[in-house]
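# Coordinate inspection notes
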Amino acid sequence: MAKLMVVFRTSPYGTIYSFEGLENVLIMGAYDQDVSVLFIDDGVLAIKKGMDNSSTGIKDFSPTFRALEAYDIEKIFIDRTSMESRGLKLEDLVIEPEIIEADAVEKMMEEQKNFFMF
Amino acid sequence: MKFGLLITEGPYQHEASDSAYQFAKAALAKGHEILRIFFYSDGVLNSTKLMDPQADDRHIQKQWTELSTSNNIDVIVCVAAAKRRGINDDVIADGFKIGGLGMLTELAIEADRLVEFRA
């Protein structure tokens, strides 16, 4: 079983990276690997509750992150500094990731076989 | 070493595809193996045979086609990303194949290093 990490680090909607990253991670769930998902930097905004982008014409995909668990993706983390520096708390998020400190992020990254950055 | 390449930017706008191509050539020259090259996001636009750059510039699609066919490397264009960008069997060049995202996961499992080229 390979340790694979998917990192969401760009804000949603401004570019498609976050949405296509979500498509990728949902597929990964079918492969029975040791998958971790990390939200860091502006990537934390992808799971912010109550976003209203209806005036942009772009599909609102943030609620779809709730499907991760149903796809057997259970290791979900958020970088504390990234979250707090954007004024976010756990209750502001559409899912409940585990809050993780920067040094633990570094350690976890060292253990991975491969990464996907979105 | 077994490499996998992931390219997520389109041609010409960003250097990512050029860098990936140079990386692939250098890795092969050093005797490394490239298991698969996967194009995702705007990266799928590298596969269109409709691109027609000026004659004194490099032809990015033809570079990939040549690399793929002469080294027998699997070059995959993500179907979901391709469909929303107008890339299909009518426009895809020789050497590229349209495939599912599962082939990217498989690549991450099998490759010693998955190297991503992006903005």
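It should be noted that the structure appears before, not after, this text.
Below, the structure is looked at part by part. (Residues numbered from 1 in each chain as written. Chains lettered and ligands numbered in written order. Predicted model: local features only at pLDDT ≥ 70, side-chain atom pairs only at ≥ 80, totals over all residues. Heavy atoms only, no water.)

## Focus: the overall build of chain A
A count of helical and extended segments in chain A gives three helices and five strands. Ordered by position from N to C terminus, the α and β elements of chain A give β-α-β-β-α-β-α-β. By the compact-globule yardstick of 13 Å for 118 residues, chain A fits well, its C-alpha radius of gyration being 14 Å. Considered along the principal axes of its C-alpha atoms, chain A spans approximately 45 × 30 × 20 Å. Sorting the 118 residues of chain A into buried and exposed places 47% on the buried side. Within chain A, contacts between residues separated by at least 24 positions form 76% of all contacts whose residues are at least 6 apart in sequence. Accessible area of chain A: about 5900 Å², with a carbon and sulfur share of 49%. Averaging the coordinates of the 12 positive side-chain charges in chain A and doing the same for the 22 negative ones gives two points 1 Å apart. (Helix = DSSP H or I, 4+ residues; strand = E, 2+ residues; numbered from the N terminus. Rg over C-alpha atoms; globule rule 2.2 N^0.38 Å. Buried < 20%, exposed > 50% of the residue type's maximum accessible area, 1.4 Å probe, protein only. Contact = heavy atoms within 4.5 Å. Areas by Shrake-Rupley, 256 points an atom, 1.4 Å probe, with all protein chains shown as cover. Lys, Arg positive; Asp, Glu negative; His and termini not counted. Charge placed at Lys NZ, Arg CZ, Asp CG, Glu CD.)

## Examining the packing of helix α1 (residues 16–29) of chain B against helix α2 (residues 60–71) of chain B
Residue and element names in this part refer to chain B. Two numbers describe how α1 lies on α2: the axes approach to 11 Å, and their chain directions differ by 25 degrees. Our classification of the angle between α1 and α2 gives roughly parallel. Crossing hand, α1 versus α2: left-handed. For the pair α1 and α2, the contacting residues are Ser17, Asp18, Ala20, Tyr21, Ala24, Lys25 and Leu28 in the first and Ile60, Gln63, Trp64, Leu67 and Asn71 in the second. Looking at side-chain class alone, the contact of α1 with α2 contains seven nonpolar, three polar and two charged residues. (Axes fitted to C-alpha atoms, helices over the stretch in contact; angles between N-to-C directions. Parallel < 35°, antiparallel > 145°, perpendicular 65-115°, else oblique. Left-handed = near helix turned anticlockwise from the far one by under 90°. Nonpolar A, V, L, I, M, F, W, Y, C, P; charged D, E, K, R; others polar.)

## Some details on the interface of chain A and chain B
The interface of chain A with chain B comprises 21 residues on the first partner and 25 residues on the second. With both chains or domains summed, chain A and chain B bury close to 1800 Å², and 51% of this area falls on carbon and sulfur atoms. If you sort the residues of chain A by the area they bury against chain B, Tyr17, Glu20 and Tyr31 of chain A come out on top, with a joint share of 30%. Scanning the region where chain A abuts chain B turns up three salt bridges. Note that Glu20 of chain A is salt-bridged to Arg85 of chain B, the shortest N-O span being 3.0 Å. Along the contact surface separating chain A from chain B lie 15 residue pairs in polar contact (both at pLDDT 80 or more). Looking at the side of chain A that touches chain B, the element that brings in the most residues is helix α1 (residues 17–28) of chain A, giving eight residues. Here the side of chain A that touches chain B is built from residues that sort into twelve nonpolar, five polar and four charged. (Buried area = accessible area lost by both parts, 1.4 Å probe. Salt bridge = Lys/Arg side-chain N within 4 Å of Asp/Glu carboxyl O. Polar contact = N/O pair within 3.5 Å; in protein donor to acceptor, adjacent residues only side chain to side chain.)

## What about a negative patch on the surface?
All names here are of chain A. On the surface, Asp32, Glu69, Asp72 and Glu74 cluster together to form a negatively charged patch. Note on placement: Asp32 falls in the loop between α1 and β2 (34–39). In this structure Asp32 comes out as exposed when scored by relative accessible area, which is 57%. (Patch = residues over 30% accessible without salt bridge, like charges linked within 9 Å, V, L, I, M, F, W, Y side chains within 5 Å.)

## Re α1 of chain B
Residue and element names in this part refer to chain B. The end-to-end C-alpha separation of α1 is 20 Å, in line with the 20 Å expected for 14 residues at 1.5 Å each. Here α1 has its buried residues at Ala16, Ser17, Asp18, Ala20, Tyr21, Ala24 and Ala27. Remark: Gly31 follows α1 within two positions and exhibits a positive phi of approximately 90 degrees. (Expected span 1.5 Å × (residues − 1).)

## Here we look at the packing of α1 of chain A against helix α4 (residues 102–110) of chain B
It is the contact of α1 of chain A with α4 of chain B, at a shortest axis distance of 9 Å, that shows an interaxial angle of 70 degrees. In this view, α1 of chain A runs roughly perpendicular relative to α4 of chain B, as classed from their interaxial angle. The hand of the α1 of chain A/α4 of chain B crossing is right-handed. Contacts between α1 of chain A and α4 of chain B pair Asn24, Ile27 and Met28 of chain A from the former with Gly102, Leu104 and Thr105 of chain B from the latter.

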